[in-house]
Amino acid sequence: MASETDTSAGGGEKPPTCLTRRDFLLSGSGAATTIMLASLPGFARAQEPLALRVAAYPRKRLGRISRLQLNQPVEFHYPYEHAHCRSFIVKLGVPAGAGVGPEQDVVAFNALCTHQGGLLSGMYLQEGAFRLAGPCPIHLSTFDLTRHGLIVAGHATQSLPQVLLETDGDAVYATGMMGLVYGFSSNLPRDWKEGG
Ligand code: FES
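Read on for an overview of the structure. Keep in mind it's a predicted model, so treat the numbers as computed, not measured.

Turning our attention to unusual backbone geometry. Put simply, Tyr78 and Pro79 share a cis peptide bond, and its omega is 5 degrees. Along the chain, Pro79 turns up in the loop between strand E4 (74-77) and strand E5 (86-91). Cis geometry marks the peptide bond from Gly134 to Pro135, where omega comes out at 0 degrees. With respect to the helices, strands and loops of the structure, Pro135 is situated in the loop between strand E8 (130-133) and strand E9 (142-144).

This is the structure we're talking about:
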């Protein structure tokens, strides 16, 4: 898991800390990652370094890869228990963007349509090589689950938010999200704390 960025050590000039994109976006440790901005253009005259705090997503165990049945979505809530956080994990049987598991075909998504929140639970569609969520029962938007939830039809203009997965042996974990959950201004409450 991503480790907390150490910004506390003092004394002497230090080379800039290198962060991977994953380190930047995610931290499953329960602590927020802190990025120092003092050296960026526009911040040079800052009297005190500014810090950007990035939300830490929970690391949630979803189950075992080997227990998933082909094309049978399983529901869960992520990143926390809330009606808008209804999500599903599914083994597609074809490789997918950000897919995990031996065939890289296990993916997970939020289950609310990005147009007006239509519920996509039970709207999994397998057609040849296509693996889709939809059509949405409200205005028929349809999302491609092999390509990060890309909108392929309907009124929605944003992809279905993808739940990022990691594996540890046969165990699969939700560790973050790509995209904004419908109805939220942030995927985590401002005062959210893991386990709180
Ligand atoms: S709410 Fe899903 S297409 Fe409008």
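After that view, the rundown keeps rolling.
Before going further, it helps to spend a moment on the sheet that holds strand E10 (residues 150-153). Taken together, four strands build an open sheet; the order of strands is E7-E8-E9-E10 and the sheet is antiparallel. Bordering the open sheet on either side are strand E7 (124-127) and E10, each of which pairs with just one other strand. Pairs of neighbouring strands in the sheet enclose a mean axial angle of 35 degrees, with direction left out of account.

A few words now on the nonpolar core. Ile89, Val106, Val107, Ala108, Phe109, Leu145 and Val163 are the most contacted members of the largest nonpolar core, which has 33 residues in total. Mapped by element, the contributors of at least two residues to this core are E5, strand E6 (106-110), strand E11 (162-168) and strand E12 (171-178). With four residues, E6 is the largest single contributor of residues to this core. Beyond its immediate stretch of four places on either side in the chain, Phe109 contacts Ser87, Phe88, Ala133, Leu145, Gly149, Leu160, Pro161, Gln162 and Val163.

With that settled, the discussion passes to the sheet that holds strand E3 (residues 60-64). Read across the open sheet, the six strands follow the order E3-E12-E11-E6-E5-E4; overall the sheet is antiparallel. The open sheet has two edge strands, E3 and E4, and neither has a second partner. The average undirected angle you get between the axes of adjacent strands in this sheet is 35 degrees. When E3 meets E12, the two strands line up antiparallel, connected through four bridges. Bridge pairing in E12 links Arg64 to Ala171.

Rules used throughout
Residues numbered from 1 in each chain as written. Predicted model: local features only at pLDDT ≥ 70, side-chain atom pairs only at ≥ 80, totals over all residues. Helix = DSSP H or I, 4+ residues; strand = E, 2+ residues; numbered from the N terminus. Pairing = 2+ DSSP bridges. Axes fitted to C-alpha atoms, helices over the stretch in contact; angles between N-to-C directions. Core = buried A, V, L, I, M, F, W, Y, C linked by C-beta atoms within 7 Å. Buried ≥ 20, exposed ≤ 12 C-beta atoms within 10 Å, placed from the backbone. Contact = placed C-beta atoms within 7 Å.

That is the geometry; function is a separate question.
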